[in-house]
Amino acid sequence: MCNTLLTTVIQREVLAEVRGRISAFDGLGAFALGPLGLALAGPVSGVVGADRLLGLGVLWQLTAAAVVLALPSVRRHDAKSDRGCSARDDRPRDALSGTDQHTCET
């Protein structure tokens, strides 16, 4: 769920010129921290127990989702935002008709 929200915000709020860099940093963080979490999961489960560690993981995910959804700016996101549109015309076009798939007032 959090990845869906992050991807949506990146697509809507980040300028087209830097979207690739932002996504690359996001992927780097996920791929760099993933193995670290896996390396720590074994020793921590040995100390606190696997059931308790899984319970903490569930609690962490539910809390993170609740915090994100509790933010007023997430719940009331303006659907008419044009901040993601680029100064150049690189909007996607429908392959059959050649028309814009969305409109941006630039």
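Look up a bit, the structure's there.
Conventions adopted
- Residues numbered from 1 in each chain as written.
- Predicted model: local features only at pLDDT ≥ 70, side-chain atom pairs only at ≥ 80, totals over all residues.
- Heavy atoms only, no water.
- Helix = DSSP H or I, 4+ residues; strand = E, 2+ residues; numbered from the N terminus.
- Contact = heavy atoms within 4.5 Å.
- Areas by Shrake-Rupley, 256 points an atom, 1.4 Å probe, with all protein chains shown as cover.
- Buried < 20%, exposed > 50% of the residue type's maximum accessible area, 1.4 Å probe, protein only.
- Polar contact = N/O pair within 3.5 Å; in protein donor to acceptor, adjacent residues only side chain to side chain.
- Patch = residues over 30% accessible without salt bridge, like charges linked within 9 Å, V, L, I, M, F, W, Y side chains within 5 Å.
- Salt bridge = Lys/Arg side-chain N within 4 Å of Asp/Glu carboxyl O.
- Axes fitted to C-alpha atoms, helices over the stretch in contact; angles between N-to-C directions.
- Nonpolar A, V, L, I, M, F, W, Y, C, P; charged D, E, K, R; others polar.
- Expected span 1.5 Å × (residues − 1).
- Bend = angle between axes of the 7 residues up to and from the residue.

Visitor: Before we move on, could you go through the overall build of the chain and cite the residues and values that matter?
Guide: The helix and strand tally for the chain stands at four helices and zero strands. Reading the secondary structure of the chain in the N-to-C direction produces α-α-α-α. Pairs at least 24 apart in sequence give 51% of the contacts found in the chain among residues at least 6 apart. Of the roughly 8,300 Å² that the chain leaves accessible, carbon and sulfur atoms contribute 66%.

Visitor: A description of the side chain of R19 should follow, citing residues and the corresponding values.
Guide: Looking at where R19 falls in the secondary structure, it is placed in helix α2 (residues 19-48). Classification of R19 as buried rests on a relative accessible area of 19%. At a separation of 3.4 Å, a polar atom in the side chain of R19 contacts the main-chain carbonyl oxygen of Q11. A polar side-chain atom of R19 sits 3.1 Å from the main-chain carbonyl oxygen of V14.

Visitor: For a nonpolar patch on the surface, give the residues involved together with the corresponding values.
Guide: The grouping of L33, L36, L40, V44, V47 and V48 at the surface amounts to a nonpolar patch, some 560 Å² of accessible area in total. Looking at the secondary structure, you find V47 in helix α2. Residue classification places V47 among the exposed positions, given a relative accessible area of 73%.

Visitor: How would you summarise the packing of α2 against helix α3 (residues 50-70) if you had to cite specific residues and measurements?
Guide: The N-to-C vectors of α2 and α3 enclose an angle of 115°; their axes lie 7 Å apart at closest approach. Every residue of α3 that contacts α2 at A41, V44, S45 and V48 is listed here: A50, R52 and L53. Tallied by class, residues from the contact of α2 with α3 come to five nonpolar, one polar and one charged.

Visitor: So what about α2? Which residues, and what values?
Guide: End to end, α2 covers 40 Å across 30 residues, agreeing with the expected 44 Å (1.5 Å per residue, within 8%). Of all the bends in α2, the largest measures some 30° and sits at A41, one to four residues before the proline P43. Once α2 ends, the next one or two residues include G49, with phi positive near 95°.

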